[in-house]
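Structure assessment
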Amino acid sequence: MSELTYSEAIQKAGNSITRFPLIPVRGIPLMNHIANNWDSIWDFRPDPSDLLIATYPKAGTTWTQEIVDLLFHNGDAEVCKRAPTPMRSPFLEICSPPPIPSGLDLLKKMDPPRVIKTHLPFQLVPTGFWENKCKAIYVARNAKDNLVSYYHFDCMNLTQPEPGPWEGYIHKFMKGELSWGSWYDHVKGYWMEREKRNILYLFYEDMKENPRREVERIMRYLELSLPDEVITRIVELTSFKNMKENPMANYSCIPAPVFDQTISPFMRKGEVGDWTNHFTPEQSKVFDEDYEKQMKDINIPFRTLI
Ligand code: A3P
């Protein structure tokens, strides 16, 4: 089983791959395979040297994983093409029908320090990460672009619940009914814990505005010191264009019937402000009014345009 590529494992899983229903875990809707394996996920004990990259889905996880892998490997492009993103940096909670390996299966086979991805909201992250004082990077993306990206992703990820029409999808997002729950609670949960837990809280919009500044910020947080020319190379290698063309970063490793990139590519647009192409003025008004209410208790400096 361990010798199978993702692609082969997906072929073998065959008919058991479908749009999985969501089951609430402590109030958070998660894919049934995750919910059914919840105890083993919650019991996961990281090593103190492990790094957590946490995001709400579609906030820039893959981009950050690539930057971190390159930082840890001195900007060596070839080393960072050793395997596709989910093999280099496993997705903690993901569980799919066998023989597709779960995140925990992959983590068991790796020696620390590991770079571990999660979409879990703060309160569902296994407590060992905080007890062991693991470093953690959180990436947040403005709600409207995050929603647009998630909509396209749910169209092409054939294991996620059917997105349905755009108008209804906006309301599901506002009500926290999508996989991994409420965007509002997610971004707030990590924001409130960032100082106590030493979480590096980043914004997708800042990364787009000045990728070099943000790569350097991540480097300092990881207590690394790399020469300027290596930083320049990392910025270049992690541009949207280069990652879109990189088979080890563009999720071509996960073919249909899981990711159908003919519906929408994983590396779709990579922009700030694409929401203006999707929201009608009326939808934007309703969304903004609801946003004010949901975010009134906190001041997180999101930008919907740069
Ligand atoms: P879009 O759908 O808006 O294009 P995640 O990795 O969390 O699933 O996020 C995916 C989103 O990040 C997609 O957004 C994708 O295009 C974008 N993305 C991935 N790599 C990027 C990069 N190097 N630069 C900018 N955006 C990137």
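Per an unreviewed UniProt entry, the protein goes by Sulfotransferase and derives from Scomber scombrus. Taken directly from UniProt, the Subcellular location (unreviewed entry) text for the protein runs: "Cytoplasm". You can read under Sequence similarities (unreviewed entry) in the UniProt record for the protein the words "Belongs to the sulfotransferase 1 family."

**Regarding the overall build of the protein**
The secondary structure content of the protein amounts to 15 helices and six strands. Taken against the 2.2 N^0.38 rule, which gives 19 Å for 306 residues, the C-alpha radius of gyration of the protein at 18 Å falls within 12% of a compact globule. Its C-alpha atoms give the protein principal-axis dimensions of roughly 50 × 45 × 40 Å. Every one of the 306 residues in the protein was classed for burial, and the buried ones make up 57%. Considering only contacts in the protein between residues 6 or more positions apart, those separated by 24 or more positions represent 75%. With 36 positive and 41 negative side-chain charges, the protein shows a spacing of 1 Å between the two charge centroids.

**Section: the nonpolar core**
Core analysis: the biggest nonpolar cluster contains 103 residues, and Leu 71, Trp 183, Tyr 201, Phe 287 and Phe 302 have the highest contact counts within it. Ranked by residue count, the leading element in this core is helix α8 (residues 143–156), at eight residues.

**Observations concerning the pairing of strand β2 (residues 28–31)**
For strand β1 (residues 22–25) and β2, the ladder comprises four bridges, and the chain directions are antiparallel. Across the sheet, Val 25 pairs through a bridge with Ile 28, a residue of β2. Connecting β1 to the next strand, β2, in antiparallel fashion are two residues, including Arg 26 with a positive phi near 45°.

**Brief notes about the packing of helix α10 (residues 183–193) against helix α15 (residues 281–294)**
For the pair α10 and α15, the least separation of the axes is 11 Å and the interaxial angle reads 40°. You can see that α10 and α15 cross each other, and the crossing is right-handed. Contact residues: α10 offers Trp 183, Tyr 184 and Lys 188, while α15 offers Phe 287, Asp 290, Tyr 291 and Gln 294. Of the residues in the contact of α10 with α15, the class split is four nonpolar, one polar and two charged.

**Observations concerning the sheet that holds strand β6 (residues 199–203)**
Pairing is parallel in the open sheet, where four strands are placed in the order β4-β3-β5-β6. Looking at the sheet topology across the chains shown, the edges are occupied by β4 (115–118) and β6. The average angle at which neighbouring strand axes cross in this sheet is 20°, direction not considered. Judged from the four bridges that link them, strand β3 (residues 51–55) and β4 form a sheet pairing that is parallel. In the sheet register, Leu 51 faces β4, and the bridge partner there is Val 115. Each of β3, β5 (135–140) and β6 is contacted by helix α12 (residues 211–221), which is oriented at about 175° to β6, the strand it contacts most.

**Some remarks on the site of the ligand**
The full set close to the ligand counts 18 residues, and Thr 61, Thr 62, Ser 149, Lys 269 and Gly 270 are the nearest of them. Residue Ser 149 places a side-chain N or O atom 2.6 Å away from an oxygen atom belonging to the ligand. Bound to the protein, the ligand loses 98% of the 560 Å² it would expose on its own. Looking at the shell around the ligand, the elements with two or more residues in it are α4 (61–72) and α14 (240–245). At three residues, α4 tops the list of elements feeding residues into the shell around the ligand. Residues belonging to the shell around the ligand are distributed by class as follows: seven nonpolar, seven polar and four charged.

**Things to note about the packing of aromatic side chains**
Within a pair of aromatic rings, the relevant descriptors are the distance that separates the centres and the angle that separates the planes. Considering all chains together, one arrives at 32 aromatic pairs under this definition. Ring centres of Phe 44 and Phe 129 lie 5.9 Å apart, and the angle between their planes is 35°; this geometry places the pair in the tilted category. Pair noted here: Phe 44 is in the loop between α3 (38–42) and β3 and Phe 129 is in helix α7 (residues 128–131), with a separation of 85 residues, a long-range link. Summarising the burial analysis for this pair, Phe 44 and Phe 129 share the class buried. The side chain of Lys 135 reaches across the aromatic face of Tyr 221, ending 6.0 Å from its centre. Note that Lys 144 overlies the ring of Phe 279, its terminal NZ or CZ placed 5.5 Å from the centroid.

Thresholds, definitions, all that
Residues numbered from 1 in each chain as written. Predicted model: local features only at pLDDT ≥ 70, side-chain atom pairs only at ≥ 80, totals over all residues. Heavy atoms only, no water. UniProt positions renumbered as here; feature names shortened; annotations may be inferred. Helix = DSSP H or I, 4+ residues; strand = E, 2+ residues; numbered from the N terminus. Rg over C-alpha atoms; globule rule 2.2 N^0.38 Å. Buried < 20%, exposed > 50% of the residue type's maximum accessible area, 1.4 Å probe, protein only. Contact = heavy atoms within 4.5 Å. Lys, Arg positive; Asp, Glu negative; His and termini not counted. Charge placed at Lys NZ, Arg CZ, Asp CG, Glu CD. Core = buried A, V, L, I, M, F, W, Y, C linked by side-chain atoms within 4.5 Å. Pairing = 2+ DSSP bridges. Axes fitted to C-alpha atoms, helices over the stretch in contact; angles between N-to-C directions. Left-handed = near helix turned anticlockwise from the far one by under 90°. Nonpolar A, V, L, I, M, F, W, Y, C, P; charged D, E, K, R; others polar. Near = heavy atom within 4 Å. Polar contact = N/O pair within 3.5 Å; in protein donor to acceptor, adjacent residues only side chain to side chain. Areas by Shrake-Rupley, 256 points an atom, 1.4 Å probe, with all protein chains shown as cover. Phe/Tyr/Trp six-rings, centres within 6.5 Å; stacked < 30°, edge-to-face > 60°. Lys NZ or Arg CZ within 6 Å of the ring centre and 35° of its normal.

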